[in-house]
Amino acid sequence: MIQTKAYAAQSPTSLLQPYQFQRRDPRPDDVVIEIAFCGICHSDIHTVRSEWGPAAYPCVPGHEIVGRVIQVGKKVKRFKVGDLAGVGCFVDSCGKCPPCKANEEQFCEGHTVFTYNSKELDGKTPTQGGYSSHITVREKFTLKIKKGLPLERVAPLLCAGITTYSPLKRYGTKKGKKVGVVGLGGLGHMAVKLAKAMGAEVTVFSTSPNKEVDAKKLGAKNFVITKDPQNFQKYAGKLDLIIDTVSAKHDFSPYLSTLKIGGTHVLVGVAPEPNQFAAISLIFGRKVLAGSLIGGIKETQEMLDFCARKKVFSDIELIPAEKINEAYERTIKGQVKYRFVVDAKTL
Ligand code: NAP
Ligand code: ZN
Ligand code: ZN
């Protein structure tokens, strides 16, 4: 077994604290990764605080993982010791159902094994995430990371990157398209960079006036402060697509008003409480309200290769493990530019 150092929460209300556990030795199709960096996603906070329903404790969160392969099973072909590797939001699935066959393992009809707060395919072994020193993962669910990239800035691509890349691509983002991004946090800042890299004109909708300068540096053309409803008027009927990354309850209606006829508002933010909107804001203009969940392994690899080619990486604040609890508070207050990343050496 592999002795693993980690940070875990023991209950919905306890702080994350040092914790040790064991990872499995590699099976023939596994790789063992020594983790270098792990991003802090708002989903980690929702989960460890049981905001989406009761979590299993102890809970080691983290699903934006990059590191180096230190051991491979006998049948592993794509990785060797020393290679860089990434792990995202899930680590296994049935492999046989239609979504798995269509490379959309996040929708597995059998059982998507999420990276933490989930059970392995055996139905009993709990999974633990990337605020840890090592992880053992099936080769098929391990991503290739090119050499020579700023590794700590690559980590957030494994969730924030793919979650925004997937709907941008699905809804045809390219030159000539106008994309709105709601919420400039971890996901939002990646949505701005990716939409811009795909050629679109980007408008950011934010509750934080102090993020305007950053939004423009990240690639946005327009910045709308959402606290004043008047500010939406200028954008009525202008946008092709909205990527909504807001982590809390909000009304979709003013955003829907900024879409062109037939435009799509994609939700990726998962507010713990039900959201609301006026039906009329969807019906007039035949608008579409959609959702999107991360992306499959094939698409995640495509996104990583796209980001390497276009030099799109996350803007991060690198922290030692002892600052994780403080980072959670700052993330909730929207005080992160724009992703916290834990340096696994400090665990
Ligand atoms: P984050 O860094 O905290 O960013 C969220 C942003 O939303 C904040 O920076 C803030 O931006 C805005 N916001 C926060 N509270 C708000 C409120 N009450 N009203 C309006 N705007 C508010 O979080 P994240 O890591 O990007 O994650 C965002 C959400 O996506 C979370 O719910 C997370 O669980 C979810 N998520 C979903 C998927 C998926 O596959 N669908 C994957 C990963 C994460 P401004 O300061 O600009 O207003
Ligand atoms: Zn995430
Ligand atoms: Zn499946």
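Numbers given to residues run from 1 along each chain, matching the order in which its sequence is written. Going through the entries in the order they are written, you letter the chains from A and number the ligands from 1. Since the coordinates come from a predicted model, pLDDT governs what is reported: local features require at least 70, and pairs of side-chain atoms require 80 or more to be given and counted, while whole-chain, interface and lining totals use all residues. Each side-chain value is worked out from all heavy atoms of the structure, with water and hydrogens disregarded.

K.L.:
Any chance you could break down the overall build of the protein for me, citing the residues and the numbers?
P.N.:
Here a strand is any run of E in DSSP of at least two residues, a helix any run of H or I of at least four, and the numbering for each starts at the N terminus. The helix and strand tally for the protein stands at 10 helices and 17 strands. Here the radius of gyration uses the C-alpha set of atoms, whereas the globule reference equals 2.2 Å times the residue count to the power 0.38. Taking 347 residues into account, the globule formula puts the C-alpha radius of gyration at 20 Å, and the protein, at 20 Å, falls close to it. If one aligns the C-alpha atoms of the protein with their principal axes, the spans along those axes are about 60 × 40 × 40 Å. We call two residues contacting when some pair of their heavy atoms lies within 4.5 Å. Restricting to contacts in the protein with at least 6 residues of sequence separation, those with at least 24 account for 67%. We get accessible surface area from the Shrake-Rupley algorithm with a probe of 1.4 Å; when it comes to residues, only the shown protein chains can shield them. If you sum the accessible surface of the protein, you get close to 15,300 Å²; carbon and sulfur atoms cover 54% of it. Placing the 50 positive and 33 negative side-chain charges of the protein at their respective mean positions leaves the two points 6 Å apart. In this tally, Lys and Arg are treated as positive and Asp and Glu as negative; His is ignored, and so are the chain termini. Charge positions come from single atoms, namely NZ of Lys, CZ of Arg, CG of Asp or CD of Glu.

K.L.:
I'd like a rundown of the coordination of the zinc ion (ligand 2), residues and numbers included.
P.N.:
Any N, O or S atom lying within 2.8 Å of the metal counts as a donor, with the limit raised to 3.2 Å for Na, K and Ca; because water is left out of the atom set, some sites can appear incomplete. Donor atoms from the polypeptide that bind the zinc ion (ligand 2) are Cys41 (SG), His63 (NE2) and Cys159 (SG), placed at 2.0 to 2.2 Å. In the primary sequence, the donor residues of the zinc ion (ligand 2) line up as C-x21-H-x95-C. Placement of the pair is Cys41 in the loop between strand E3 (30-39) and helix H1 (42-48) and Cys159 in the loop between helix H3 (151-154) and helix H4 (160-170), with a sequence separation of 118 residues. Only protein chains enter the area calculation, which uses a 1.4 Å probe; residues under 20% of their type maximum are buried, those over 50% are exposed, and those in between are partly exposed. For Cys41, a relative accessible area of 3% puts it in the buried group.

K.L.:
Talk me through the nonpolar core; I want residue IDs and the actual numbers.
P.N.:
To form a nonpolar core, buried Ala, Val, Leu, Ile, Met, Phe, Trp, Tyr and Cys residues must be joined to one another through side-chain atoms within 4.5 Å. Membership of the largest hydrophobic core comes to 88 residues, with the highest contact counts inside it found for Ile40, Tyr131 and Ile324. The element that contributes the greatest number of residues to this core is helix H5 (residues 186-197), accounting for 6 residues. Note that domain bounds follow an automatic or database assignment of domains. Both domains that meet at this core, namely domain 1 (2-158 + 314-346) and domain 2 (160-291), each give it at least three residues. Setting aside residues up to four positions removed in sequence, Ile324 forms contacts with Tyr7, Leu16, Ile40, Tyr131, Ile319 and Val342. In this structure, Val182, Phe232, Tyr255 and Leu256 belong to the second largest nonpolar core, which totals 12 residues.

K.L.:
Explain the environment of Lys227 to me, and be specific about the residues and the numbers.
P.N.:
Mapped onto the secondary structure, Lys227 falls in the loop between strand E12 (222-225) and strand E13 (239-244). Two N or O atoms form a polar contact when they lie within 3.5 Å of each other; inside protein one atom must be a possible hydrogen donor and the other a possible acceptor, and for residues adjacent in sequence the pair counts only when both atoms belong to side chains. Side-chain polar atoms of Lys227 contact the backbone oxygen of Thr207, separated by 3.3 Å.

K.L.:
Give a detailed account of the site of ligand 1, specifying residues and quantitative values.
P.N.:
The criterion for a residue being near a molecule or strand is simple. One of its heavy atoms has to lie within 4 Å of it. In the neighbourhood of ligand 1, 28 residues make up the surrounding shell, with Ser206, Thr207, Ser208, Lys211 and Arg339 lying closest. Here an oxygen atom of ligand 1 and a side-chain polar atom of Thr207 are 2.6 Å apart. Val268 places a main-chain nitrogen or oxygen 2.9 Å from a nitrogen atom of ligand 1. Expressed as a share of its isolated accessible area of 910 Å², the protein-covered part of ligand 1 is 89%. Where the shell around ligand 1 is concerned, the elements lending two or more residues are H1 and H5. Here the shell around ligand 1 gets 3 residues from one element, more than from any other, and that element is H1.

K.L.:
Give a description of the domain arrangement of the protein that names residues and reports values.
P.N.:
Domain parsing of the protein yields domain 1 (2-158 + 314-346) and domain 2 (160-291). With centres defined by C-alpha atoms, the gap from domain 1 to domain 2 works out at 28 Å. Surface buried jointly by domain 1 and domain 2 totals about 1,300 Å² across both partners, of which 54% is contributed by carbon and sulfur atoms. For salt bridges, the criterion is a side-chain nitrogen of Lys or Arg within 4 Å of an Asp or Glu carboxyl oxygen. Seen at the junction of domain 1 and domain 2, the total is 3 salt bridges. Two residues, Asp315 and Lys193, come together in a salt bridge whose shortest N-O distance is 2.6 Å. Summed over the shared surface of domain 1 and domain 2, the number is 12 residue pairs in polar contact (both at pLDDT 80 or more). When grouped by side-chain class, the residues that make up the side of domain 1 that touches domain 2 number 5 nonpolar, 4 polar and 7 charged. Buried area: the sum, over both parts, of the accessible surface (1.4 Å probe) that disappears when the two are put together. Residues are grouped as follows: Ala, Val, Leu, Ile, Met, Phe, Trp, Tyr, Cys and Pro are nonpolar; Asp, Glu, Lys and Arg are charged; every other residue, Gly included, is polar.

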